[in-house]
Amino acid sequence: MSEHQNSEVITKEKIDKAINLLKEQKPKERESVSDREAIRKMRRYIEKLTSDKYGYSYDEVSEMLKDLGINLTGGRIKYLIGELKKSSRRQKKTSSSDDNNPSSNPATET
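Residues numbered from 1 in each chain as written. Predicted model: local features only at pLDDT ≥ 70, side-chain atom pairs only at ≥ 80, totals over all residues. Heavy atoms only, no water.

(A) Main features of the layout of surface pockets. For the largest pocket, the calculated volume is near 160 Å³. In terms of lining residues, the largest pocket is bounded by Pro27, Lys28, Glu29, Arg30, Val33, Glu37 and Lys41. A class-by-class count of the residues in the lining of the largest pocket yields 2 nonpolar, no polar and 5 charged. (1 Å grid on protein atoms, 1.4 Å probe; cavity = no way out; pocket = protein on both sides within 12 Å on 5 of 7 lines; lining within 4 Å. Points joined across faces, edges and corners; volume = space filled by probe spheres on them. Nonpolar A, V, L, I, M, F, W, Y, C, P; charged D, E, K, R; others polar.)

Here you go:
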């Protein structure tokens, strides 16, 4: 309780200034990301390399990334790509089913 006795008086003006300062802050850049986020960012390039046209395996992509200090097995990369595909399909399915569901849009009901 003695902590509060030594602190300055906090006025409404100070609170308003503090709120403005806090609201103006941008998200911090993270130095590291999860393996899921890393694959999400690299997904299109990995899919391109593992396509029939380029013919690389997930293990070969894993070896390329290992040289950069990204240690994910080919199996893990393949799994994460699959998970990302599933989640993007779910999002598309949800948004298209909302469009087809008249009860979700009461203005169109008769």
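(B) Expanded view of the nonpolar core. Among the nonpolar cores identified, the biggest contains 12 residues, and these are Ala38, Ile39, Met42, Ile46, Tyr58, Val61, Leu65, Leu72, Ile77, Leu80, Ile81 and Leu84. When contributions to this core are tallied by element, the ones reaching two or more residues are helix H2 (35–49), helix H3 (58–66) and helix H4 (74–100). Once residues within four sequence positions are removed from consideration, Met42 is found in contact with Leu65 and Ile70. (Core = buried A, V, L, I, M, F, W, Y, C linked by side-chain atoms within 4.5 Å. Buried < 20%, exposed > 50% of the residue type's maximum accessible area, 1.4 Å probe, protein only. Helix = DSSP H or I, 4+ residues; strand = E, 2+ residues; numbered from the N terminus. Contact = heavy atoms within 4.5 Å.)

(C) Expanded view of the packing of H2 against H3. Between H2 and H3, the shortest axis-to-axis distance is 10 Å and the interhelical angle comes to 130 degrees. When the interaxial angle is binned, H2 and H3 end up oblique. Regarding H2 and H3, the two cross each other, and that crossing is right-handed. Within the contact between the two elements, H2 uses Met42, Ile46 and Leu49 and H3 uses Tyr58, Val61, Met64 and Leu65. Partitioned by chemical class, the residues of the contact of H2 with H3 number 7 nonpolar, no polar and no charged. (Axes fitted to C-alpha atoms, helices over the stretch in contact; angles between N-to-C directions. Parallel < 35°, antiparallel > 145°, perpendicular 65-115°, else oblique. Left-handed = near helix turned anticlockwise from the far one by under 90°.)

(D) Up close: the side chain of Ser62. Secondary-structure assignment places Ser62 in helix H3. Exposure remark for Ser62: the relative accessible area of 5% places this residue in the buried category. When residues no more than four places from it in sequence are discounted, the contact partners of Ser62 are Ile70, Leu72, Thr73, Gly74 and Ile77.

(E) Structural detail: the pattern of salt bridges. In total, this model carries 8 salt bridges according to the counting rule given. Of the charged contacts in the structure, one is a salt bridge between Arg43 and Glu47, with a shortest N-O distance of 3.1 Å. One end of the pair, Arg43, and the other, Glu47, are both in helix H2, 4 residues apart, so they sit about a helical turn from each other. Of the charged contacts in the structure, one is a salt bridge between Lys86 and Glu83, with a shortest N-O distance of 3.2 Å. Of the two residues, Lys86 and Glu83 both sit in helix H4, 3 residues apart, roughly one turn of that helix. Residues joined by salt bridges that share partners form a network here, namely Arg43, Glu47 and Lys85. (Salt bridge = Lys/Arg side-chain N within 4 Å of Asp/Glu carboxyl O.)

(F) The arrangement of a nonpolar patch on the surface in detail. Together, Ile10, Ile15 and Ile19 give the surface a local cluster of nonpolar side chains, amounting to about 290 Å² of exposed area. Topologically, Ile10 is positioned in the segment before helix H1 (12–23). (Patch = residues over 30% accessible without salt bridge, like charges linked within 9 Å, V, L, I, M, F, W, Y side chains within 5 Å. Areas by Shrake-Rupley, 256 points an atom, 1.4 Å probe, with all protein chains shown as cover.)

(G) View of the environment of Tyr56. Structurally, Tyr56 can be placed in the loop between H2 and H3. Here Tyr56 falls in the partly exposed class, since its relative accessible area comes to 35%. Setting aside its immediate chain neighbours within four residues, Tyr56 contacts Leu49, Thr50, Val61 and Met64.

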